[in-house]
Amino acid sequence: MASVAAQLPAAGAWARWRERLFRLAPGDGDCVVLRHSRIYILPSRRGWTMIGALAIMLLTSLNYALSLGLGVTFLLSGLVAAALLHAFRNLSGLEIRPLAAGETFAGGRLVYTLAVGSGGRTRDGLEFRAAGTATAVIDVPDGDTASVQIERPAPSRGRVALGRVTVSSTQPLGLWRAWSYVHFPLAGIVFPEPEPGAPPLPRGAHGQDASAPGQGDETEFAGLREFQAGDPPQRIAWKAVARGAGWYTKEFDGSGGGGPVALEWALLPRTLDVETKLSRLAAWVLMAEHAARPFSLAVPGASLPAGQDREHRRAALTMLATLPAGAAT
Amino acid sequence: MTTVARGARRRATAAPPALTAAQTRWIGAMIVCAQLPQAPHLPWWIAGFGIALVGLRFVLLRRDRARPGAPARIPSWTLVLFAVAAALAVRASYGYLVGRDPSVAFLYILIAIKFLEARTVRDGSVLVALVSFLLVTPFFHGQSPVAALAALPALLVLGATLDALARPADSPFAAAPRAAILRTARLFVQGIPIAALMFVLFPRIAGPLWGVPFEAGATTGLSDSMAPGSISELSLSDAVAFRVDFDGAVPPPAQRYWRGPVLSRFDGRAWTMAPRTAPGTLARFGAGGLAYTVTLEPHGKPWLFALELPASLPDPSGGGEDEPPARGYAFVSSDQQLLARVPVTQVLRYRQLSMLRDAFPEAERGEGADFLRLPSRGNPRTMELGRDLRARGGSDAAVVAAALAWFRAEPFFYTLMPPLAERDPVDAFLFDTRRGFCEHFAGAFVVMMRAAGVPARVVTGYQGGEWNPRGGYLIVRQSDAHAWAEVLVDGTWRRVDPTATVAPSRIEMGLSYAMADTEPVPLFARLDSGWLKTSQLALDALNHAWRTHVVGFNRERQRKLWRDVGIDRFAGWQLAALAAALGVAWAGIALGLIGLRRATLDRERALWSQACTRLAQAGLPRQPHEGPIAYAARASRRWPQFAIAFSAIAESYATLRYGPPRTRPGERDALVATLARAIDVLPAAGDLRSAAS
């Protein structure tokens, strides 16, 4: 993602201009400070209604030569003009950074997090939205940095880029909509959905029984760590949450589990299609983790040596998520 | 980077957002604020009904609060019923539905009905737009300073309503009404330069774009007929007829005859205007002429007033003296009346030239015969007196003099409350009661003249006027209404004022001096001095200035202002460009002021980004996840010789940025100074790079 410019097609002035206007490629780096060159403003629907009313007031006052009618019309126009400046000001100087892209299983919701710095003044009613996401609205007090979470349903596995984010605001009076596009190279990972009711773990390479000791309950509680988006709900330390102590996730020590288990594509029945195979492997990865057993993973074109920790699990699931659909055939 | 996670509000995009109770209250307040200035100009029951409907919604809101979860709904067929009933009632009240005033009345009710059923924020937007229009409509009926003040609360609440509509219910800014009003007031103040610019530069149009219907209103003024009692009734009114600013000296009271409708038809009781008036020729303006500006109150009639003999045609929309006057607005009739082609329905300001002459030649030779007609029957004693005067006098001039002498000799009494006679009113006045007001004297005199064979007619208008020393202008009130006579002697029309013969003080001093204390002379005509009079004159001066500079800021005055500033030579597009440039300047100044504030606030961030840039150029860019302390630690590992500077930069910046607020004076400045000095110690990017290698 470092050389974004290289990804852009070497095109003419029009394409560059188009890119500048609409930010179609993920060309924004570490931090974007919104400046006048990327802030757009048009009247909102309410703004158009108001402008229409002002036009009628103007015509009436002119026709009947009502100086005071013109006075009222122009005072309201002044208000509309001031609202325009403030709408611009509400976005101008805003600092936006990509913070994190979440992970989830297919069928869940993918959460992207952006950090929004106030840039020296209070911002109200900032709306963030990318294609297919709900609109997230935040206020940022002066001198503060807020995080905004943009959620998107994740129906299928893969790497899902956040895409272009529209930052907009209709404050202060809802008459103008100021907006800006930011496009960070931020992508979340959607793991394959674990197969419900998957068969138990295959026998280990060294003949150990997969269903032997080590179902999750019997593993040793190792400690708490801070909650991260995507942690399974059954691992959340709900008691701590209820006490108001914050969000933590329980971690278990896997030392008490059985021996290593090899999860191999080749061992799966040939009748299954690619996605079901991936789903089953994902379910097994979770089972292995739950049982605190080290596992290795081999899929067409990629493999992972045996391991056990959280990073290992993540690497395995990512491998499953990003396996090209055509790679297995 | 420290990230303070805040609860993000999420908005459902499917259904249009519903109005909250607070937003509904704002809209209701806005509607009432806009209704109140309009209410006095509507039939009382329409005014009351509209306000009551808004009140009903407030009652429903209260009920909703008592029973949450089951919002009160008014079935939509009731609303349709309301609307139809309102339309019928307006039709019944005004007699017609398509017209300015009934339309306003209907809009007034419709807004209240719409409010009753408003559920979504979008309904709120529509209501704001409708109410904005309702802010203009009271000015149809008057543009006094009071009317202007009455519009201000509604404007402010309208802005605050927009503010409330723009904020979701859970916004921390949504709560306080005081804060909303203050925010809106600030926006209005910031918009005033734009408003002023538009007021001065937006071109006014010369005439109405569409027909301005004449709406019969409660306007007072001279009419096209004069029956016994009509002028004395008018004289009971304090209302201002017009105000006059003179270019030079003000003529003495005896010469202030403001010529109005000329009445030449008599039916035995009332005088009326000739149905069609031929165009006449204007007097030549020359030595002894007067130039002045008349600000005429609307009176719903076409006549315009000029002193004595008009020497120019009023042109209220024209460009001024150096432009040829448009001939279209008004014309002069053969009997020297100034007539507009459309009734005067709004305040009219025009420059006027006059010659102070009480005699002028007849319009065409032999026209006198038209001014001898009398009804064949009635008033026999007056007829006989006329014939008698002719027999005694001889020449026309002698007859006129003899008639005036007769008036002087007989015991006539000048009063506002003459007895009314049903039969032969002229006979009754001249021979029985001998008590009358100017219309009796003028009318009877003209009848006498015609009976004696001298062509004569009645001229109505105003006589005198009060000088306002505060504003330096003349106030002419309805109580100055007057009627006098004109006789045609030797081819010349001459003014003869029999009232002046009977009650000279009326002409010299004004109505109150000619009347006994028991007469119902209006208060302001009666008052001579004292604080009430002084304050009344001061108030009138304010009113006149208002009419001149604000209400009367029409095309003519706009052009004059442009001339004075020197932008009148610009073409339309140049003016538009000028307006655009001024608008951009306004935006620049407004945003610039904001920018300046930011710069002082954020010195430390500018310094920090300067340091980061230098390190990045030296080959050590800050990672996105890296806070100042971690970054400084990494830089110190790379360039241990500057470790102290790095940590000073990072610590002071982090303290300024993320530490508790510095309360002691100078503490903040000291930290900023530390930051700046530490950055000064760092070598340039190139030197850093070579230091590392």
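Residue positions are given per chain, counted from 1 along the sequence in the order it is written. Written order decides the labels, with chains lettered from A and ligands numbered from 1. Whole-chain, interface and lining totals are the exception, using all residues; otherwise, since this is a predicted model, local features are given only for residues with pLDDT of at least 70 and side-chain atom pairs are given and counted only at 80 or more.

Colleague: What exactly am I supposed to notice about the overall build of chain B here?
Modeller: For helices the rule is a DSSP run of H or I covering at least 4 residues; for strands it is a run of E covering at least 2, with both sets numbered from the N terminus onward. Helix and strand content of chain B: 24 helices and 22 strands. Per-residue burial over chain B gives 36% buried out of 693 residues. Note on contacts: each residue gets a C-beta atom placed from the backbone, and two residues are in contact if those atoms are within 7 Å. Considering only residue pairs separated by 6 or more positions, chain B has 74% of its internal contacts joining residues 24 or more positions apart. Counting other C-beta atoms within 10 Å of its own, a residue is labelled buried from 20 upward, exposed at 12 or fewer, and partly exposed in the gap between, with every C-beta atom placed from the backbone.

Colleague: Please explain the overall build of chain A as it appears in this structure.
Modeller: Counting secondary structure elements, chain A contains seven helices and 17 strands. Within chain A, contacts between residues at least 6 apart in sequence are counted, and of these 68% link residues at least 24 apart.

Colleague: I tried to follow the nonpolar core on my own but got confused; where do I start?
Modeller: A general tendency of soluble globular proteins is for nonpolar side chains to be buried together. Core analysis: the biggest nonpolar cluster contains 213 residues, and Ala 83, Val 116 and Leu 320 of chain A together with Met 30, Val 131, Phe 445 and Met 448 of chain B have the highest contact counts within it. The dominant element in this core, judged by the number of residues it contributes, is helix H4 (residues 67-91) of chain A, at 15 residues. Beyond its immediate stretch of four places on either side in the chain, Met 448 of chain B contacts Thr 382, Leu 385, Gly 386, Leu 389 and Ala 403 of chain B. Counting 19 residues, the second-largest nonpolar core is a separate cluster that includes Tyr 631, Ala 632, Ala 650 and Leu 656 of chain B. Among buried residues, those of type Ala, Val, Leu, Ile, Met, Phe, Trp, Tyr and Cys that are joined through C-beta atoms within 7 Å form a set called a nonpolar core.

Colleague: I'm lost on the sheet that holds strand S9 (residues 158-161) of chain A in this one. Help?
Modeller: The strands making up a sheet associate through backbone hydrogen bonding, with each pair oriented either parallel or antiparallel. All names here are of chain A. The mixed open sheet is built from three strands, whose spatial order is S4-S12-S9. At either end of the open sheet lies a strand with only one pairing partner, and these are strand S4 (103-105) and S9. In this sheet, neighbouring strand axes are inclined to one another by 30° on average, regardless of whether the strands run parallel or antiparallel. At least two bridges found by DSSP between two strands are what make those strands a pair. As defined by bridge partners, S9 adjoins strand S12 (residues 187-191) across four bridges and the pair is classed as antiparallel. In the sheet register, Gly 158 faces S12, and the bridge partner there is Val 190. In the packing of helix H7 (residues 310-322) onto the sheet, the strands contacted are S9 and S12, and the crossing angle to S12 comes to about 90°. Axis geometry follows a simple rule: fit a line to the C-alpha atoms, using only the stretch in contact for helices, then measure angles between N-to-C directions, giving values from 0 to 180 degrees.

Colleague: Please clarify how the sheet that holds strand S17 (residues 302-307) of chain A should be interpreted in this entry.
Modeller: Residues and elements named next belong to chain A. With respect to topology, three strands assemble into an open sheet ordered S15-S16-S17, the strand pairing being mixed. Each end of this open sheet is capped by a strand with a single partner; those strands are strand S15 (261-264) and S17. Adjacent strand axes in the sheet meet at a mean angle of 10° when their direction is disregarded. The sheet contacts of helix H6 (residues 274-290) involve S15 and strand S16 (295-299), and relative to S15 the element is tilted by about 165°. Along the sheet, H7 contacts S16 and S17; its crossing angle with S17, the most-contacted strand, is approximately 160°.

Colleague: Is there a simple way to think about the pairing of strand S8 (residues 289-296) of chain B in this case?
Modeller: In regular strands, side chains alternate between the two faces of the sheet. Residues and elements named next belong to chain B. In this structure, strand S4 (residues 240-246) lies alongside S8, joined through five bridges in antiparallel fashion. Across the sheet, residue Arg 243 finds its bridge partner in S8, namely Thr 295. Pairing between S8 and strand S14 (residues 348-355): eight bridges, direction antiparallel. Bridge assignment links Leu 290 to a residue of S14, and that residue is Ser 354.

Colleague: What am I meant to see in the interface of chain B and chain A here?
Modeller: The accessible area lost on association of the parts is a frequent measure of interface size. At the junction of the two partners, chain B supplies 65 residues and chain A supplies 59 residues. For the side of chain B that touches chain A, the secondary-structure elements that each account for two or more residues are strand S1 (4-5), strand S2 (9-11), helix H5 (121-136), helix H6 (145-166), helix H7 (177-201), helix H17 (531-551) and helix H19 (572-601) of chain B. Residues are grouped as follows: nonpolar covers Ala, Val, Leu, Ile, Met, Phe, Trp, Tyr, Cys and Pro; charged covers Asp, Glu, Lys and Arg; every other residue, Gly included, is treated as polar. Residue composition of the side of chain B that touches chain A, by class: 43 nonpolar, 12 polar and 10 charged.

Colleague: What is the right way to look at the environment of Phe 413 of chain B in this model?
Modeller: Position of Phe 413 of chain B relative to the elements: it lies in strand S16 (residues 413-414). Setting aside its immediate chain neighbours within four residues, Phe 413 of chain B contacts Arg 434 and Arg 435 of chain B.

Colleague: Even after reading the chapter, I still don't get the environment of Ala 112 of chain B, so can you show me in this structure?
Modeller: All names here are of chain B. Along the polypeptide, Ala 112 turns up in helix H4 (residues 100-117). Residue classification places Ala 112 among the buried residues on the basis of 25 C-beta atoms within 10 Å. Ala 112 sits 62 residues away from Gly 50 along the chain, and the two C-alpha atoms are 5.6 Å apart. Residues in contact with Ala 112, not counting those within four places in the same chain, are Ile 31, Gly 50, Leu 53 and Val 54.

Colleague: Explanation requested: the confidence of the model for chain B in the structure shown.
Modeller: Detailed reading of the predicted coordinates is not advisable wherever pLDDT falls low. Residue and element names in this part refer to chain B. pLDDT is a residue-level measure of predictor confidence that goes from 0 to 100. Residues with a pLDDT of 70 or more make up 87% of chain B, whose mean pLDDT is 80. The low-confidence segment residues 1-13, where pLDDT is below 50, has 31 contacts with residues more than four positions distant or belonging to other chains. Predicted confidence is poor over residues 319-325, with pLDDT under 50, and the contacts of this stretch with residues over four places away or in other chains come to nine contacts. Overall fold confidence for the complex sits at a pTM of 0.67, while the interface term, ipTM, reaches 0.73.

Colleague: Please explain the packing of helix H9 (residues 380-393) of chain B against helix H10 (residues 396-409) of chain B as it appears in this structure.
Modeller: Geometry of a packed helix pair, given as the angle between the helix axes and the separation of the axes. All names here are of chain B. Here H9 crosses H10 at 120°, and the two axes come no closer than 9 Å. The orientation of H9 relative to H10 falls into the category oblique. H10 is crossed by H9, and the crossing has right-handed handedness. In contact with Leu 389, Arg 390, Arg 392 and Gly 393 of H9, H10 contributes Ala 398, Val 399, Ala 402 and Ala 403. Class assignment for the residues of the contact of H9 with H10 results in five nonpolar, one polar and two charged. In what follows, roughly perpendicular refers to angles from 65 to 115 degrees, roughly parallel to angles under 35, roughly antiparallel to angles over 145, and oblique to any angle outside these ranges. Each crossing gets its handedness from the near helix: less than a right angle anticlockwise from the far helix is left-handed, clockwise is right-handed.

Colleague: Help me out: how do you make sense of helix H12 (residues 438-451) of chain B in this one?
Modeller: For an α-helix, 3.6 residues make a turn, and residues three or four places apart therefore share a direction. All names here are of chain B. Look at H12: 20 Å from first C-alpha to last across 14 residues, which is about the 20 Å you get at 1.5 Å a residue. Counted residue by residue, H12 has 14 buried out of 14 residues, so it is predominantly covered. Gly 453 occupies a position one or two residues after H12 and carries a positive phi of about 85°. Residue count minus one, scaled by 1.5 Å, sets the expected span of a helix.

Colleague: Help me out: how do you make sense of the packing of helix H3 (residues 45-63) of chain A against H4 of chain A in this one?
Modeller: Residues and elements named next belong to chain A. Here H3 crosses H4 at 155°, and the two axes come no closer than 9 Å. Put simply, H3 runs roughly antiparallel to H4. Crossing of H3 over H4 shows left-handed handedness. Judged by residue contacts, Met 50, Leu 54, Met 57, Leu 58, Thr 60 and Ser 61 of H3 engage Gly 69, Leu 70, Thr 73, Leu 76, Ser 77 and Val 80 from H4.

Colleague: Any chance you could explain unusual backbone geometry here in plain terms?
Modeller: Most peptide bonds are trans, and most residues other than glycine sit at a negative phi. Here Gln 171 of chain A and Pro 172 of chain A are connected by a cis peptide whose omega angle stands at 5°. Tracing the chain through its elements places Pro 172 of chain A in the loop between strand S10 (164-169) and strand S11 (176-183). If you check the backbone angles, Asn 379 of chain B has positive phi at about 50° while not being a glycine. Here Asn 379 of chain B lies in the loop between strand S15 (359-361) and H9. Judged by local crowding, Asn 379 of chain B falls into the buried class, with 27 C-beta atoms found within 10 Å. The phi dihedral of Arg 434 of chain B is positive, around 60°, even though this residue is not glycine. By the secondary structure assignment, Arg 434 of chain B is in the loop between helix H11 (425-433) and strand S17 (435-436). Its 16 C-beta neighbours within 10 Å are what place Arg 434 of chain B among the partly exposed residues.

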